[in-house]
Amino acid sequence: MYGRKLTTRELPSPPHDAYLIRAILRTAVRSMSIYTSRLESLLLPALTDPTFVQPLNLHAATANPLNPAQTYALSIAHAAWETCEVLEQMLETGQWPKFVADTLRPTMHKFDLIVGKVIHPMLTAFKRDLLASLTRNDGISPPSGKVVGLPSVPVPNMGPPPVPANKEYGTNKITKEPSERGQVRQLAVPLCFQHFASRVDAGRKVLEMIAGPCQDDGEGWITGVLVPVIWKGICTAVHKDLAGGARPPSPAAVSKALQSVGKEKDSLPTVVHSPSLGGVTAKLTSSLSILPSRSASRPPSPTRGMKYDTRTLALIALEGLIKRMLGNLVPPPSGEPVTEENITEHLAREALHEALESLESLRVVSAAMCSPSPSARMLSALRRVRDEVDDVNEEALDDAIEDMNSVILFTMLINQANTVLPSDIRLKAPHETFGRGAAEYDRIVMNGFSTAEEWAKRVAVGIKSDIERVMGEIKEHGCSDGVGAEWVRCLALALDARAQIRVST
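Report on the accompanying structure.

Parameters and conventions
Counting restarts for each chain, with residues numbered from 1 along the sequence as it is written. In view of the model being predicted, local features appear only for residues whose pLDDT reaches at least 70, and side-chain atom pairs are presented and counted only at 80 or more, with totals across whole chains, interfaces and linings using the full set of residues. In computing side-chain properties, one takes all heavy atoms of the structure into account and sets aside hydrogens as well as water. Secondary structure is summarised from DSSP: a helix means a run of H or I of at least four residues, a strand means a run of E of at least two, and numbering begins at the N terminus for each. Expected helix span is taken as 1.5 Å per residue step, with the number of steps being one fewer than the number of residues. Between buried and exposed lies partly exposed: a residue is buried under 20% and exposed over 50% of the maximum accessible area for its type, with that area taken using a 1.4 Å probe on protein chains only. Here, two residues are considered to be in contact whenever any of their heavy atoms come within 4.5 Å of each other. In this analysis an axis means a line fitted to C-alpha atoms, helices contributing only their contacting stretch, and an angle means the value between N-to-C directions, from 0 to 180 degrees. By the definition adopted for this analysis, an angle is roughly parallel if under 35 degrees, roughly antiparallel if over 145, roughly perpendicular if from 65 to 115, and oblique otherwise. Crossing chirality is assigned from the near helix's rotation relative to the far helix, an anticlockwise turn below a right angle marking it left-handed and a clockwise turn marking it right-handed. Under the grouping applied here, Gly and all other residues not named as nonpolar or charged are polar, the nonpolar ones being Ala, Val, Leu, Ile, Met, Phe, Trp, Tyr, Cys and Pro and the charged ones Asp, Glu, Lys and Arg. As used in this record, nonpolar core signifies buried Ala, Val, Leu, Ile, Met, Phe, Trp, Tyr and Cys residues forming a set joined through side-chain atoms within 4.5 Å.

## A closer look at helix H17 (residues 483-499)
- Its 17 residues place the ends of H17 24 Å apart at the C-alpha level, agreeing with the 24 Å of an ideal helix rising 1.5 Å per residue.
- Among the 17 residues that make up H17, 14 are buried, leaving the element largely enclosed by the rest of the structure.
- Within two residues after H17, Gln500 carries a phi angle of roughly 55°, on the positive side.

## Overview of the environment of Phe434
- Looking at where Phe434 falls in the secondary structure, it is placed in helix H13 (residues 430-434).
- The sequence separation of Phe434 and Val459 amounts to 25 residues, and the corresponding C-alpha distance is 5.9 Å.
- Every residue in contact with Phe434, bar those within four places of it in the chain, is listed here: Tyr441, Val445, Trp455, Arg458 and Val459.

## Topic: the packing of helix H3 (residues 98-134) against helix H6 (residues 215-239)
- Closest axis-to-axis distance for the H3/H6 pair is 10 Å, and the angle between their directions is 15°. Taken together, H3 and H6 sit at an angle that is classed as roughly parallel. For the pair H3 and H6, the sense of crossing is right-handed. Contact residues: H3 offers Val115, Ile119, Leu123, Phe126, Lys127, Leu130, Leu131 and Leu134, while H6 offers Trp221, Gly224, Val225, Pro228, Val229, Lys232, Gly233 and Thr236.
- A class-by-class count of the residues in the contact of H3 with H6 yields 11 nonpolar, three polar and two charged.

## Description of the nonpolar core
- The biggest cluster of nonpolar side chains holds 126 residues, and the ones touching the most others in it are Leu104, Phe193, Phe196, Val365, Met378, Leu413 and Ile467.
- No other element matches the 14 residues that H3 contributes to this core.
- The contacts of Leu104, once residues within four sequence positions are left out, are Leu25, Val29, Met32, Leu87, Met90 and Leu91.

Below, the structure written as structure tokens:
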């Protein structure tokens, strides 16, 4: 019975006599009151134990992320949840009179309180630890030299390669299927997510232990943890310095390296004759033997497979890590009509699915912004999204632009434009055009998926005036046809397509 829904045959059926129902109900309520009191008395020592509030053990090699006090409290919470769930399923059959539900609700509320005293503090601490790990982008350098956590993540299907833009919307009709041979299927976890990666496997154990047995409620708890984590990871990949932790070498290290290079140049390589060829060829045995010869017959073959920029690589890693932690604990939405019985299940699955879809869309757009002729490709895609024009060859990119968060899209285009604009011309950051400090902007606007989308139009209004200022400066410099101007036009089209704010460029 533990951790599963009971069938109608297993649930108790009501007797036909109302007086008998009331007598049975009084006895049941009295028994359950004793039961709840007993659970609370058993739970109290665990909740007052100082080890209960200790952080969860999220090290990669841990066998049990919970300490004994947390494990004991969790078992009591699961017992209370199971009892309440059986009563809920019994009442959902509709066979019991209404006064039965009214009488049982206060007792069921006590069971919910017992569950909340254990589950909510543990999940809150777990979510806080995951969010804190996403703010650390300095990487992990253990003394042993081994990579802590996951050394690599699988590469998702990136779709067919981009095709060159043709005219205003369209693309060439002939496309070439991508070659899978030689393509890298595993990518190393970048520095910005190594701390998070070290918690993924232990985090999955935490979700399985806490939320796994609790069916629909457990899916809601998992969604409440992972959706903010996905959003925080997206903000980290878009806003933060992803090369954090790459410190420049010290002057002593540079001097030592130069001295060693000078010594290697002064030393002569030792020549030994190869016995197999009768001394015709020579073999270098010093460290210089690994260097390529100037008279090489041909240059080395290029590495096959797609190359990703730092941001796209970070998004690929985040997507792989989230899916590894999630596994099959929350299945995708089933598509069934929403009813009162499955409303909790539907909302949790739909919210998590939309968060993952937004992450995948961001990864697709980020890869497109670093593809061949990225500004022209993004201009065509944004025009198609604005004018609702379809292109089967670029359907994935168009859908991704429509699905991703608007404020994140604006921020990415601003950053991209600033990298190619002249040094004396730059677009202001969104928090600057919004009129708030960076910390306050993050707290008000970048507080979550829905909050950022609600503020998108007001953020776009501030960006509009900045685009007009920058386009005027670009015209004064005489570089209206440059790549920087194209990215600024991309930003103007994004405001029009996503926030209905038209900008004259």
